[in-house]
Structure formats: structure tokens, C-alpha cells
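# Structural features, examined
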Amino acid sequence: MFKVNNLTAYIENKKILDEFSLDINDGEVHAIMGKNGIGKSTLCKIILNDPHYEVKRGSIIYNGKDILGKPTYEIAKEGIMLISQNPISIEGVTNMEVLRTALREKSSENINIFKFNKEMEDACKKLELDPKFIHKEVNVGASGGERKKVELLHAAILKPSMLILDEIDSGLDVDAIKVVANFINDYHKETGCTILIVTHHKQLLDYIKPNYVHILSGGKIVKTGDYHLAEEIESSGFRSNIIDEDGKSE
Amino acid sequence: MKMEKVNKILMDKKVVNLIDNDESLEYVLNDNEMLIINIFNNSFKSVDIKTTQNNNSYVVINFSGFARSDTTININGNVLGNNNHYILNFRAIALENHGTVNAKVSVNENTKDNEVVEDLKGILEDGTLNFMPILEIDTSEVKAEHYATIGHYPLEELFYLQTKGISKEEAIKILKKSFLFNLFDKEFLKQINYGKEQDE
Ligand SMILES: Nc1ncnc2c1ncn2[C@@H]1O[C@H](COP(=O)(O)OP(=O)(O)O)[C@@H](O)[C@H]1O
Ligand SMILES: [Mg+2]
């Protein structure tokens, strides 16, 4: 169970989340939609305790533990993985080094190179990603789409129990969205992981059918529905009769 | 590294690899000579490094390491003739005390088609650094750039690595290594064999 309770958060004295709450049962897929600049990425980064944000109150419970404010790597070790909207690049550090270090910290056992290579190759094939990426510097010179795929490759190796996907569809062309969505669906089927998807577009949700769709506005969820809510948004926008200008649900 | 005007292949190439160097160095390059100096110091020493270039030559100095005690490093590049390249890459992590780096490049008057670059980067742990990049250029016929930045481990990179389940200490180790060694080729990295006794 993943549970956010009354989260209120600020960046540079600007209130972004206001008593935000959200419950996700294990294995469910939830989508959050909302206008640009409404606070979707803020929510994702606060879950991983990005130091840029100031949380005034609330709690985030995962697997029965309050993870709010815990060091980022401890939250990651609990099984939560964020794939951010714009994955950064790191010069001089290869994907291999990141994954090897992460695996070493996760378990005291030696890394099974054979298993590692097999998983890596399988994931690359599914993602239509050149296996050479594993030896490249993290996202250096990579396109937006390649970055998203590299991050999913990390997921395939590190096996999080909860995936937070912040606009994984941005920067992807139609074919790449299909590839990425298939990969996520397969991962979900194989692991039974919990997924929180943040997106602007219905298209991704055509491929990854969420159990619930939430609309974020005015710092909280103002409407929850099923997949059809995404269709409504797509056809009439966030400013339609679904939510008014103040973000209040009608 | 840009080398438009220099035909590297025709050059006489010399590579100097030094670990924990505590001696001052002086090199005068012949025409059509290329000199690469790689230095990694686990603890900086006060040294002078001086290069003198005449015509059609190429100097790259890659210098990195830890500042642990009060030191002053003077690096002087002198360009007397035409069509030379001088590139200095300096990386320092200040662990303790104070390190000063005076990096001076002089390019003579009435010379042309020279290119000089000084790129100095520092990361502060519990020490301090002072970078003094000085370009003494007596001609307008030169391409000169200098950068000097001093800061901490980038927060975004630390956050990113931690989101993979890597502890802050391990993340810093990773960033430290890339910061210091990104300058060097495989050959020199093998010699340094970092991660054994130098591991922080
Ligand atoms: N580093 C920052 N400094 C100042 N304001 C920020 C910063 N990051 C985000 N914001 C502001 O916080 C609000 C929410 O941003 P964000 O969570 O990125 O929105 P979304 O992901 O929904 O588009 C925006 O108004 C944005 O301008
Ligand atoms: Mg966003």
C-alpha cells in the first residue's frame, strides 16, 4: 500500500501541494493528469525527498513505513523508483557503474554477471535500445527518448516494487510510446508492481490502462475516475466543466 | 579538444604520465612537437610547471588530484611563435587546508593562429581553493578561453544516484572519481589504479 496523507509542500515559499492525499493499493496502476505547472513533478520528486522542496506537513506511507523525509537512497531501497520527466546526464559515470553500485548496496551477495547480462540484453531487446548503452556515460549525448529507455533499463535491473513515471511519454514518438508502454505492461505483469503515471496525454493511457485516473488542481486531487476521465480531458481540456478555474470540482 | 589547424599525425608526440609528482617541471617544445602531461596527485605538492612553445606545437596538461595541505601550484605556458595550442585542464578536490593554483599563459606580441584554453574546476570538501587563471596576451590574433569554477558535488547528480538506491557516501565516491579521472586516457588510469590505497 502506498498512501499520501494531507501533504502540503512549498518551493521558494510558493505552495504547490495543499493537503494532497492519494491511496494506491499494491499492484494498482494510477494516473495523475493536470495542467502544466500544477505540481505533478513536484509530487513525484517529494516522494523521493528531493532537497529542493519544503514539506510543511503530511505523511507518505509505503509498505507500512513513513518514508516522508527519509534519505532518498533509503526510499529507493524500499523499492520506489522515480523516472523523472527530464533524466539528467552525468559525465564520466557509466550506466554499468551506477547499476553495479546500486546492486551491491541492495544485496551483500556478489552480482551474478550471467544473470545481469541476460536481464540487460532482454530489456534492451524489448526497449529497442542498443545494448552498448550499458557501457555509456549516463544519458550523455542521449536523446529524450533514449534517456527514458535507459531509465527503464535501470528498472529492469534494479526491480523496484513501485514505479513513478513522470511524463515518460514526453519526447517519445508514436512508435517509441508503444515500445515503452509494452515494456511497462510486461514489467507490471511479471512483478505485480505498483505504478504511478504522470502524463499530459491520453495516448499513453490507451496502452497502459490505469485502474484510476486523478486530476490534480489547486494542490490536490479534485476528481477521480476510471480511464474514461482521461478521454474527457483529452476532448475538453482541464479547463472544461470537469474543474473550474480555482481547481474546485463541480 | 579542438585541433583544427594542427595536424596531429605529423607531430612528434610525447606523453608524460606522473603520479604523486613533487618535482617542478620545465619543457621547451620543438616545432611540430606534441606534449601531453598527465598528472594525478593524491596530495598536491607546491610545484612549478613551465612550458615554452615556438611554432606549430601542441601542449595538453591534465592535472588532477586532492588538495590536503597548504600548497601553491604555478603553471606557466609561454607561447612565443605561431600556430600553437596550449590546453590546461585542472581538477582539484579540496579536502583540507588551502590550495592556490596560479595558471598563467603568455602569448607574445606579433604572433598569430595560437589557441589557448585554461579550464580549472574545483570541488570543496573541508578545504578551500583559489584559482588564478591569468592570460597575458599581447596580440589580438589569438583564440583564448579560460574557465574557473569552484563548487560542491552537484545536488542533481547526488539526488539522481540516490534515487537508484545508492547511499550518499557511495554517490560521492562515484562523482569524485569521474571528476578527477574524466581527463585521463585508459593507459594512465591503469597506472593510477585508483580505488586501492587512494580510495577515500
Ligand atoms: N526549482 C524551482 N524553483 C522555483 N519554482 C519551481 C521550481 N520547480 C518548480 N517550480 C514551480 O512549481 C510549480 C509546479 O511545477 P511542476 O511540479 O514542475 O509542475 P508540473 O510537473 O505539473 O508541470 C510551477 O509553478 C513551477 O514554476
Ligand atoms: Mg512536470
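See the structure shown above.
An account of the accompanying structure is given in this report. The model shown is predicted, which means the values in this text are computed figures rather than measured ones.

A tally of helices and strands in chain A yields eight helices and 10 strands. Its C-alpha atoms give chain A a radius of gyration of 18 Å, near enough to 18 Å, the size a compact globule of 250 residues would have. Each of the 250 residues in chain A was classed as buried or not, and the buried ones make up 50%. Taking as baseline every contact in chain A between residues at least 6 positions apart, the subset at least 24 positions apart corresponds to 67%. Carbon and sulfur atoms provide 46% of the accessible area of chain A, an area that totals close to 11,300 Å².

So, about the overall build of chain B. Secondary structure summary: chain B contains three helices and 11 strands in total. In chain B, the succession of α and β elements from N to C terminus is β-β-β-β-β-β-β-β-β-β-β-α-α-α. Since a compact globule built from 200 residues should have a radius of gyration of about 16 Å, the 18 Å found for chain B is in line with a globular shape. In terms of overall dimensions, chain B has C-alpha extents of about 55 × 30 × 30 Å along its principal axes. Burial statistics for chain B: of 200 residues in total, 52% are counted as buried. Here the contacts in chain B between residues at least 6 apart in sequence split such that 72% fall between residues at least 24 apart. If you sum the accessible surface of chain B, you get close to 9,200 Å²; carbon and sulfur atoms cover 45% of it. Distance from the positive charge centre (21 side chains) to the negative charge centre (31 side chains) of chain B: 6 Å.

With that settled, the discussion passes to the packing of helix α4 (residues 113-127) of chain A against helix α6 (residues 174-191) of chain A. Residue and element names in this part refer to chain A. α6 packs onto α4 with a crossing angle of 135° between their chain directions and a minimal axis gap of 8 Å. Classed by the angle they form, the pair α4 and α6 counts as oblique. The segment α4 lies against α6, with Ala 123, Lys 126 and Leu 127 engaging Val 179, Phe 183, Asp 186 and Glu 190. Across the contact of α4 with α6, the residue classes tally to four nonpolar, no polar and three charged.

With that settled, the discussion passes to the site of ligand 1. Residue and element names in this part refer to chain A. Inspection of the region around ligand 1 gives 13 residues, with Lys 14, Gly 37, Lys 40, Ser 41 and Thr 42 positioned closest. Measuring from an oxygen atom of ligand 1, one finds a backbone N or O atom of Gly 37 at 2.7 Å. Gly 39 is positioned such that a nitrogen or oxygen atom in its backbone is 3.0 Å from an oxygen atom of ligand 1. Considered on its own, ligand 1 offers 560 Å² of accessible surface; in the complex 67% of this is hidden by protein.

Distances from the magnesium ion (ligand 2) to its protein donors, A:Ser41 (OG) and A:Gln85 (OE1), fall at 2.1 Å. In this pair, A:Ser41 sits in helix α1 (residues 40-47) while A:Gln85 sits in the loop between β6 (80-83) and α3 (95-106), placing the two residues 44 residues apart along the sequence.

Before going further, it helps to examine the sheet that holds strand β4 (residues 48-53) of chain B. Residues and elements named next belong to chain B. The five strands are arranged β2-β4-β6-β8-β10 in an open sheet whose pairing can be described as parallel. The sheet is open, and its two edges are formed by β2 (25-28) and β10 (128-137), each paired on a single side. The average undirected angle you get between the axes of adjacent strands in this sheet is 5°. Where strand β8 (residues 98-107) and β10 come together, 10 bridges link them in parallel fashion. Within the sheet, the bridge partner assigned to Val 107 lies in β10 and is Ile 137.

Many analyses report the size of an interface as the accessible area lost when the parts associate. With 19 residues of chain B in contact, the opposing surface of chain A contributes 30 residues. Taking both sides of the interface into account, the surface hidden between chain B and chain A amounts to around 2,000 Å²; carbon and sulfur atoms contribute 65%. When the buried surface of chain B facing chain A is broken down by residue, B:Phe159, B:Tyr160 and B:Lys164 rank first, second and third, together holding 32% of it. A salt bridge links B:Lys177 to A:Glu97, with the shortest nitrogen-to-oxygen separation between them at 3.1 Å. Those elements that place two or more of their residues in the side of chain B that touches chain A are α1 (155-162) and α2 (168-181) of chain B. Sorting elements by how many residues they give to the side of chain B that touches chain A places α1(B) first, with seven residues.

For the rest of this paragraph, the subject is the environment of B:Asp126. Residue and element names in this part refer to chain B. Here Asp 126 is to be found in the loop between β9 (114-124) and β10. Separated by 10 residues in the primary sequence, Asp 126 and Val 116 have C-alpha atoms spaced 32 Å apart. If sequence neighbours within four positions are ignored, Asp 126 has contacts with Ala 94, Leu 95, Glu 96 and Asn 97.

The rules we used
Residues numbered from 1 in each chain as written. Chains lettered and ligands numbered in written order. Predicted model: local features only at pLDDT ≥ 70, side-chain atom pairs only at ≥ 80, totals over all residues. Heavy atoms only, no water. Helix = DSSP H or I, 4+ residues; strand = E, 2+ residues; numbered from the N terminus. Rg over C-alpha atoms; globule rule 2.2 N^0.38 Å. Buried < 20%, exposed > 50% of the residue type's maximum accessible area, 1.4 Å probe, protein only. Contact = heavy atoms within 4.5 Å. Areas by Shrake-Rupley, 256 points an atom, 1.4 Å probe, with all protein chains shown as cover. Lys, Arg positive; Asp, Glu negative; His and termini not counted. Charge placed at Lys NZ, Arg CZ, Asp CG, Glu CD. Axes fitted to C-alpha atoms, helices over the stretch in contact; angles between N-to-C directions. Parallel < 35°, antiparallel > 145°, perpendicular 65-115°, else oblique. Nonpolar A, V, L, I, M, F, W, Y, C, P; charged D, E, K, R; others polar. Near = heavy atom within 4 Å. Polar contact = N/O pair within 3.5 Å; in protein donor to acceptor, adjacent residues only side chain to side chain. Donors = N, O, S within 2.8 Å, 3.2 Å for Na, K, Ca; no water. Pairing = 2+ DSSP bridges. Buried area = accessible area lost by both parts, 1.4 Å probe. Salt bridge = Lys/Arg side-chain N within 4 Å of Asp/Glu carboxyl O.

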